[in-house]
Amino acid sequence: MSDRSASISPPSPAPAKAAQPAARTKLLLEGPIFSTLLRLSAPNVLNLLAFAGMITFDGFFLGRLGSDALAGASLAFPWVMLVLQTTNSGMGAGVSSAVARALGAGQRERADALVFHAFLLALALGAIFSTLMLLGGPFLFRWMGGRDDMLAAALSYANVAMGGAVCICMLNLLGNAVRGTGNMALPATVLVACVLVHIALSPLLIFGAGPLPALGAAGAAWGLVIPFAAGSAGLIWYLRSRHALVRLDFRAATPRRELFADILKVGVPGLINTAITNLSVVVLTGVAGQLGRDAAIGYAMGARLEYILQPIAFGFGTAIVTMVGTNWGARQYRRARAIALTGATTVAAVCGTIGLIVAFHPGLWLGLFSGDAEVIRLGALYLRIVGPVYLCFGLGLGLFFVAQGFGRGAAAASANTVRLAANVAGGLAAIYWLDLGVIGLFAAVAAGFCLYAALLVRAVLKVKEPGTAAPVSP
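The structure presented is a predicted model; accordingly, all values stated were derived computationally and were not measured. (Residues numbered from 1 in each chain as written. Predicted model: local features only at pLDDT ≥ 70, side-chain atom pairs only at ≥ 80, totals over all residues. Heavy atoms only, no water.)

### Side note on the overall build of the protein chain
Next, step 1: Regarding its fold elements, the protein chain presents 19 helices and zero strands.
Next, step 2: Across the protein chain, contacts joining residues at least 24 apart in sequence account for 82% of those joining residues at least 6 apart. (Helix = DSSP H or I, 4+ residues; strand = E, 2+ residues; numbered from the N terminus. Contact = heavy atoms within 4.5 Å.)

### A look at the packing of helix H7 (residues 148-161) against helix H10 (residues 217-239)
Next, step 1: Taken N-terminus to C-terminus, the directions of H7 and H10 make an angle of 20°; their axes are 8 Å apart at the nearest point. Judged by the inter-axis angle, H7 sits roughly parallel to H10. Here H7 and H10 pass one another in a crossing that is right-handed. For the pair formed by H7 and H10, the contact residues are Ala153, Ser156, Tyr157, Val160 and Ala161 on the first element and Ala217, Ala218, Ala220, Ala221, Trp222, Leu224 and Val225 on the second.
Next, step 2: Split into classes, the residues belonging to the contact of H7 with H10 amount to 11 nonpolar, one polar and no charged. (Axes fitted to C-alpha atoms, helices over the stretch in contact; angles between N-to-C directions. Parallel < 35°, antiparallel > 145°, perpendicular 65-115°, else oblique. Left-handed = near helix turned anticlockwise from the far one by under 90°. Nonpolar A, V, L, I, M, F, W, Y, C, P; charged D, E, K, R; others polar.)

### Some points on the nonpolar core
Next, step 1: Counting 69 residues, the largest nonpolar core has Val80, Phe141, Tyr157, Phe228 and Leu239 as its most contacted members.
Next, step 2: Of all the secondary-structure elements, those providing two or more residues to this core are helix H4 (45-63), helix H5 (67-104), helix H6 (108-143), H7, helix H8 (165-179), helix H9 (185-207), H10 and helix H11 (257-288).
Next, step 3: By residue number, the principal contributor to this core is H5, which donates 14 residues.
Next, step 4: Counting 66 residues, the second largest nonpolar core, distinct from the first, contains Tyr299, Leu305, Phe314 and Ala412. (Core = buried A, V, L, I, M, F, W, Y, C linked by side-chain atoms within 4.5 Å. Buried < 20%, exposed > 50% of the residue type's maximum accessible area, 1.4 Å probe, protein only.)

### With respect to the packing of aromatic side chains
Next, step 1: Tallied over the entire structure, the rule returns eight aromatic pairs.
Next, step 2: Between tryptophan 328 and tyrosine 333, the aromatic rings sit 4.7 Å apart at their centres with planes inclined by 65°, giving edge-to-face as the arrangement. Exposure class is identical for tryptophan 328 and tyrosine 333. Each is buried.
Next, step 3: Aromatic rings pair up to connect Phe116, Phe119 and Phe250 into one cluster.
Next, step 4: Residue placement shows arginine 419 over the ring face of tyrosine 452; its charged tip is 5.5 Å from the ring centre. (Phe/Tyr/Trp six-rings, centres within 6.5 Å; stacked < 30°, edge-to-face > 60°. Lys NZ or Arg CZ within 6 Å of the ring centre and 35° of its normal.)

### Some thoughts on the state of the cysteines
Next, step 1: Scanning the model with the defined rule gives zero disulfides in all.
Next, step 2: Unpaired in this structure, cysteine 167 has its nearest cysteine sulfur neighbour in cysteine 169, at a distance of 9.1 Å.
Next, step 3: When its relative accessible area of 15% is taken as the criterion, cysteine 167 is described as buried.
Next, step 4: By relative accessible area, which is 0% here, cysteine 169 ends up buried. (Disulfide = S-S within 2.5 Å.)

### Thoughts on unusual backbone geometry
Next, step 1: One non-glycine residue, arginine 331, lies in positive phi territory at about 65°.
Next, step 2: With respect to the secondary-structure elements, arginine 331 resides in the loop between helix H13 (306-329) and helix H14 (333-360).

### Description of the pattern of salt bridges
Next, step 1: Under the defined criterion, the tally for this structure stands at five salt bridges.
Next, step 2: A salt bridge links aspartate 112 to arginine 108; the nearest nitrogen and oxygen atoms lie 3.1 Å apart. Taken together, the residues aspartate 112 and arginine 108, both in helix H6 and four residues apart, mark about one turn of the helix.
Next, step 3: The salt bridge involving glutamate 258 is made with arginine 110; its shortest N-O contact spans 2.5 Å. Taken together, the positions of glutamate 258 in helix H11 and arginine 110 in helix H6 put the pair 148 residues apart, joining distant regions of the chain.
Next, step 4: Accessibility expressed as a relative area gives 38% for glutamate 258, which makes it partly exposed.
Next, step 5: Through salt bridges with shared partners, a single ionic network connects Arg101, Arg110, Arg256, Glu258 and Asp262. (Salt bridge = Lys/Arg side-chain N within 4 Å of Asp/Glu carboxyl O.)

### Things to note about the packing of H9 against H10
Next, step 1: It is the contact of H9 with H10, at a shortest axis distance of 8 Å, that shows an interaxial angle of 150°. As summarised for this structure, H9 and H10 are arranged roughly antiparallel, according to the angle between their axes. Between H9 and H10 lies a crossing whose hand is right-handed. For the pair formed by H9 and H10, the contact residues are Leu186, Val190, Leu191, Cys194, Val197, His198, Leu201, Ser202, Leu205 and Ile206 on the first element and Gly219, Ala220, Trp222, Gly223, Leu224, Ile226, Pro227, Phe228, Gly231, Leu235 and Tyr238 on the second.

Shown next as structure tokens:
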């Protein structure tokens with residue numbers, strides 16, 4: 001039997017139940033590349049809308065409690081977003097890549113075992129995030145400027161939200177296990193449902209209603225944890241049902257170092273890469289601050305657009321990971337590389353188009369955040385210099401997901417680290433050595449994006465096809 005036929009064989013003796021999963025896997029292995037990519041990516045756009053909705057409505061509700069409550073929760077919220085992002089597009093991509101490669105190789109039992117290991121990783125990551133924040137939160141928030149009522153609100157929000165981090169980790173890792181089968185709609189639907197419940201539940205818990213007491217900032221956190229816990233339970237039920245292509249089996253599976261390694265070799269670099277991407281904006285804002293408050297704010301307002309480009313890239317990226325991983329596991333190496341080219345150029349084209357629009361019309365973006373003439377002038381200067389280079393940023397983001405699909409996440413994280421170092425070193429040199437001011441700093445940021453893309457092109461081209469020996473059964 002050929003590798004392809006093995007990879008799409010029904011995973012159980014009951015053909016009627018296996019028809020739908022087999023059709024989905026066959027689509028990944030044989031369907032038209034571009035239309036399949038768009039079809040798989042479309043549900044992930046809901047993730048972007050869901051996160052945007054959560055950020056917007058939380059700020060609206062908490063703002064009604066006063067500036068201290070809003071500012072306090074704002075100290076904790078970036079760390080909650082870090083947990084969301086690192087477990088969704090970071091470690092989560094490691095799960096979807098491993099599951100996709102196992103299914104592509106026709107190893108259904110291995111894919112099932114990987115789901116169990118993803119469940120264990122979610123428990124471990126949740127415990128780590130909760131412990132670090134519950135112990136270090138008071139010191140961290142004081143360092144960030146939290147005092148008195150502002151600090152109390154930050155701790156009130158963080159103790160609940162980060163105390164329930166396991167719910168966020170479980171939803172994201174199990175959702176990515178489902179994405180690894182090519183089913184993008186279910187995880188997106190669950191996440192959107194969680195956010196809608198959050199929007200409906202949070203004001204009741206924040207302000208109180210009937211027998212429900214007013215919980216203040218903690219109410220917004222409970223409004224996050226409760227629906228994510230329900231969503232996690234729903235995914236566990238689905239993965240234990242006969243409808244799932246891969247199953248979560250607590251009785252048959254035992255922890256295996258090799259399967260943890262298969263997830264972590266992509267997931268850990270992905271987690272680090274996500275953290276570096278967020279850290280780069282923080283560090284470069286500090287560098288821009290050497291030129292004054294307005295320069296720092298102007299850079300931050302312009303660079304905030306990069307937080308929109310990343311979820312857009314993630315929408316395509318999860319589909320890229322699944323399609324590349326499935327075909328790589330099935331040894332359809334030429335098709336996997338064709339998918340990589342199509343996916344990366346699509347992300348580059350989308351990000352590049354957005355960059356050109358804001359480069360020519362920066363007010364469309366900057367006008368959303370500030371009316372200060374000097375801040376808008378500096379932000380517009382940033383977008384005019386860096387906006388056209390978002391093509392390279394998008395190419396780098398797309399190739400990051402390609403590398404994860406190949407199971408080579410470390411090279412992508414290394415490229416992002418080099419980009420951050422080059423941006424900081426180039427920016428400081430432009431300011432203090434070449435005396436080029438903000439123009440030199442922004443040019444250094446643009447050069448960093450070009451370097452990022454070049455390094456990832458080189459890393460992906462260097463990936464070699466595995467040997468032709470038959471894969472080892474679990």
